[in-house]
Amino acid sequence: MEEVVETSPHEVAVCIRGAYKHYGSRKHPNVVLRGLDMTVPQGTIYGLLGASGCGKTTLLSCIVGRRKLNAGDIWVLGGRPGTKGSGIPGPRVGYMPQETALYMEFSIEETLIYFGTLLGLDSETIKRRTEELVEFLKLPPDSTKVGKLSGGQQRRVSFAAALIHDPELLILDEPTVGVDPVLRQSIWDHLIEITKVGKKNVIITTHYIEESRQAHTVGLMREGVLLAEDSPDQLMHHYGCQNLEQVFLQLSRKQQEDDKGVLMKSSGCLKTCTSSIPPLESSETSNSKRRVYVDTWSGYRVRALLWKNMLWISRNIPIILFIFAQPVLQIMFFCLAIGQDPTGLRVAVVNHEVNGSYSCPDPDYTSGCKLEALSCRYLHYLNNSKSIIQEMYADPESAIAAVRTGSAWGAIYFTENYTDSLVQRILSYEIQPPDDFTNRSIDDFSDSTMDDILNNSEMMVWMDMSNQHISQTIQQDIVRTFQSFIEGIHTDCNWNPKLASIPMKFENPVYGTIRPIFTDFACPGTILMIVYFLAVTLTAGVILIDKTEGLMERGLVAGVLMPEILFSHVVVQFLVICGQTVLVLIFSFAVFNIPHEGPMFAVIILTLLQGMCGMCFGLLISSMCDTIMMATYLGMGSFHPLVLLSGVIWPLEGMHYILRYISYVLPLTYATESMRCMLLRGWDIRKPAVYFGFLTSLGWIIAFVVLTLLVLRFKKR
């Protein structure tokens, strides 16, 4: 009969009973731990063996307090992981993940300074421990960059980071992979020494099964349960095997044959915990000089995180160039490529007034009251347009064919009697024509004659309207030039030029210029958009790098709180946003002369708020996504809806009414209108249209932060 030894959770380093853990829904759960029992005696090395996918990583996450069991009990160093005062997660545990989880840009010394500071050590202790660990682990000089080390050397640095603060419980996931046999044995000797002399506790996983014979206790894990748990010699003796691999194989086969999945346990040593849990002892009693993890903010952890983030950015020159060159390039490309009038637009011209000739007569026809070859006079005016290039054609058919084939954007046709008909048309509404013209009114012409005059005095235009902006530019130039042409004739002939103008007068605009350009309209929203999405990209990328490489998990096991991580990134990214904002605004206003009529201080503050809004959205993306690819898809997917529906490139009044309501709840919409009111109208923050942009930006920042914290709190617990 199996001997059962009852013991209190305080008499063992780790005590787990009935551990059950699953992921997914309750209807379709992915069960990882199935009623697992585990006991790690004080001052021993516990070797945890099992194939990939058997639940080892999940079990270790529960031991260090990173995940919670769905059912069962777990005690570590006399307390429940994750509870206040337990020190776990925190400095009582040293954790070495299977991946190296190191910053390749840091030196060995900087790596140990970061982890030592994070775990509450002072600078003198960190320096002393660094020297000891570099010598013990046979590492290169501590100034060597981690990225230049071999794989085995990097694992040794990762091991040193777990040992830096001399923890009570050391959890090592495959620590000897890639390490030469001599150093591997040295590591095992060191582990045996700290458990014997220092009364430390070690849980180690390894795929070198025979290597684990040096452990005091071995747990053989398969499909979420421990098949056996005992000393290596006892296991081999009990099952009549020559090595642990044979024991594992025998137990695995027996588990498969057991329809009920009965847990196989070794005889004589499996300990169970009493159900009564005595009051937790203060973790400070184990080491009064060590700062103990509590569920509150810590200045030294925040300081370590800020130092790490600043150092990481400073060591990545391409990142720095991207951070500060990208916004400058984007605003330059926008101002140089967007909003200017198109040039080099070819227009086919057919002028039958010159008797089939492709050129106008030599005499000066461009000035004075010379009412001849008026088509040539108009074309001279049109030639001053910066957008249009005239190309002469012999007949309307060939000119229209040029438009059809894409050789020209439009065609203009003047009839043979254009000048005479235009003069008669002018005389028909002149009150007092010059003396050398017959004084006739419109009543002196018959209807048929008047129709001919009206038709022949018209300049016929055929347009390619497939490109709205180009066609509008050509139309505006043609109409504007014709207006100037007619007014010039009236002025030269001493007629009242007002008679040649449309009976409508546009006074100086209340806001803006008489000829606004699209750049002025779109630039306010573009400035905010650039700062917003650069913040999204940088924040999501930086945090996901930490997550995918195991760096964030390692920090969380060390006791770092998610709000501390978010705060450290917010501070550093805010400094980056300040630099980006200064560069964008300098190039917008000082280099490209974008209008800025309103208070510049308010413009700067609104830009910074939108940068923080994008940064917080990036934090939300990073908390929701598990891979950089997923974050990239989500970031790219949000880009176009925000740009298209926020009024950045098109007025909200021109949208479908349903989309207009959607646009009102987007982060950039009210901020863009606020920026536009300040830059183009000169309004200050007292106007509702202005301060509402500030309020919505603050609201979105708060919403993104709250959502991020909620996602991080409930995701994969």
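For the structure itself, consult the block above.
Source: prediction; values computed, not measured. (Residues numbered from 1 in each chain as written. Predicted model: local features only at pLDDT ≥ 70, side-chain atom pairs only at ≥ 80, totals over all residues. Heavy atoms only, no water.)

J.: I'd like to hear about the pattern of salt bridges, residue by residue, with values.
T.: Under the definition given, this model contains 15 salt bridges. Across the pair Glu564 and Arg301 runs a salt bridge whose closest N-O atoms are separated by 2.8 Å. Of the two residues, Glu564 is situated in helix α17 (residues 562-591) and Arg301 in helix α8 (residues 299-315); the sequence distance between them amounts to 263 residues. Judged by relative accessible area, which is 0%, Glu564 ranks as buried. (Salt bridge = Lys/Arg side-chain N within 4 Å of Asp/Glu carboxyl O. Helix = DSSP H or I, 4+ residues; strand = E, 2+ residues; numbered from the N terminus. Buried < 20%, exposed > 50% of the residue type's maximum accessible area, 1.4 Å probe, protein only.)

J.: So what's going on with the sheet that holds strand β2 (residues 12-23)? Residues and values would help.
T.: The strand order across the open sheet formed by three strands is β3-β2-β5, and the pairing between neighbours is antiparallel. Only two strands of the sheet have a single neighbouring strand rather than two, namely β3 (30-41) and β5 (71-76). Neighbour to neighbour, the strand axes of the sheet diverge by 15 degrees on average, direction disregarded. Pairing analysis gives five bridges linking β2 to β5, with the strands arranged antiparallel. When the bridges of β5 are listed, Ile16 appears paired with Ile74. Strand contacts of helix α1 (residues 56-63): β2, β3 and β5, with the helix running at about 60 degrees to β3, the strand carrying the most contacts. (Pairing = 2+ DSSP bridges. Axes fitted to C-alpha atoms, helices over the stretch in contact; angles between N-to-C directions. Contact = heavy atoms within 4.5 Å.)

J.: I'd like a description of the pairing of β3, backed by residues and values.
T.: Taken residue by residue, a regular strand's side chains alternate between the two faces of the sheet. By the bridge criterion, nine bridges tie β2 to β3 in an arrangement that is antiparallel. By the bridge assignment for β3, Tyr23 is matched with Asn30. What sits between the antiparallel neighbours β2 and β3 is a turn of six residues, in which Gly24 has the positive phi angle 85 degrees.

J.: Break down the state of the cysteines for me, with residues and values.
T.: Within the structure shown, the criterion is met by one disulfide. Here Cys369 is linked by a disulfide to Cys493, with a sulfur-sulfur distance of 1.8 Å. With the S-S dihedral at roughly 100 degrees, the linkage between Cys369 and Cys493 falls on the right-handed side. Of this pair, Cys369 sits in the loop between β12 (345-351) and α10 (374-383) while Cys493 sits in the loop between α14 (468-492) and α15 (518-548), and the two are 124 residues apart along the sequence. (Disulfide = S-S within 2.5 Å.)

J.: Run through the sheet that holds strand β4 (residues 45-49), naming residues and quoting values.
T.: Across the sheet, which stays open at both edges, the six strands sit in the order β6-β7-β8-β4-β9-β10 with mixed pairing between neighbours. In the strand order of this sheet, the two ends are held by β6 (93-96) and β10 (225-230), each with one partner. On average, each strand axis in the sheet is tilted by 15 degrees relative to the strand beside it, whichever way the strands run. Here β4 runs beside strand β9 (residues 217-222); their pairing, made up of four bridges, is parallel. Residue pairing across strands places Tyr46 opposite Thr217, the latter belonging to β9. Each of β9 and β10 touches helix α6 (residues 232-239); the most contacted strand, β10, lies at about 105 degrees to it.

J.: So, the nonpolar core: which residues are in play, and what are the values?
T.: Of all hydrophobic cores here, the largest spans 73 residues; its most connected members are Phe159, Leu170, Leu172, Leu191 and Leu220. Excluding its chain neighbours within four sequence positions, the residues that come into contact with Leu172 are Met96, Phe159, Ala162, Leu191, Val202, Ile203, Ile204 and Thr205. Ile527, Met529, Leu642 and Leu652 belong to the second-largest nonpolar core, a separate cluster that totals 47 residues. (Core = buried A, V, L, I, M, F, W, Y, C linked by side-chain atoms within 4.5 Å.)

J.: Report on the packing of aromatic side chains, specifying residues and quantitative values.
T.: Counted under the stated rule, the structure contains 20 aromatic pairs. On the numbers, 5.6 Å between centres and 75 degrees between planes, the contact of Tyr378 with Phe485 is edge-to-face. Of the two residues, Tyr378 sits in helix α10 while Phe485 sits in helix α14, which places them 107 residues apart along the sequence. Side by side, Tyr378 and Phe485 carry an identical accessibility label, which is buried. Ring geometry for Trp700 and Phe704: centres 5.2 Å apart, planes at 35 degrees, overall tilted. Within this pair, Trp700 and its partner Phe704 are both found in helix α22 (residues 688-714), separated by four residues, close to a single helical turn. Using a relative accessible area of 5% as the deciding quantity, one classes Phe704 as buried. The ring centre of Tyr300 lies 5.8 Å from the NZ or CZ of Arg301, which sits over that ring. The ring of Trp683 has Lys687 lying over it, and the distance from NZ or CZ to the ring centre is 5.3 Å. (Phe/Tyr/Trp six-rings, centres within 6.5 Å; stacked < 30°, edge-to-face > 60°. Lys NZ or Arg CZ within 6 Å of the ring centre and 35° of its normal.)

J.: Explain the packing of α10 against α14 to me, and be specific about the residues and the numbers.
T.: Axis separation between α10 and α14 bottoms out at 9 Å; the angle between their running directions is 125 degrees. Put simply, α10 runs oblique to α14. Every pair of crossing elements has a handedness; the one defined by α10 and α14 is right-handed. On α14, the residues that touch Leu374, Arg377, Tyr378, Tyr381 and Leu382 of α10 are Asp477, Ile478, Thr481, Phe482, Ser484, Phe485, Gly488, Ile489 and Asp492. Residues belonging to the contact of α10 with α14 are distributed by class as follows: eight nonpolar, three polar and three charged. (Parallel < 35°, antiparallel > 145°, perpendicular 65-115°, else oblique. Left-handed = near helix turned anticlockwise from the far one by under 90°. Nonpolar A, V, L, I, M, F, W, Y, C, P; charged D, E, K, R; others polar.)

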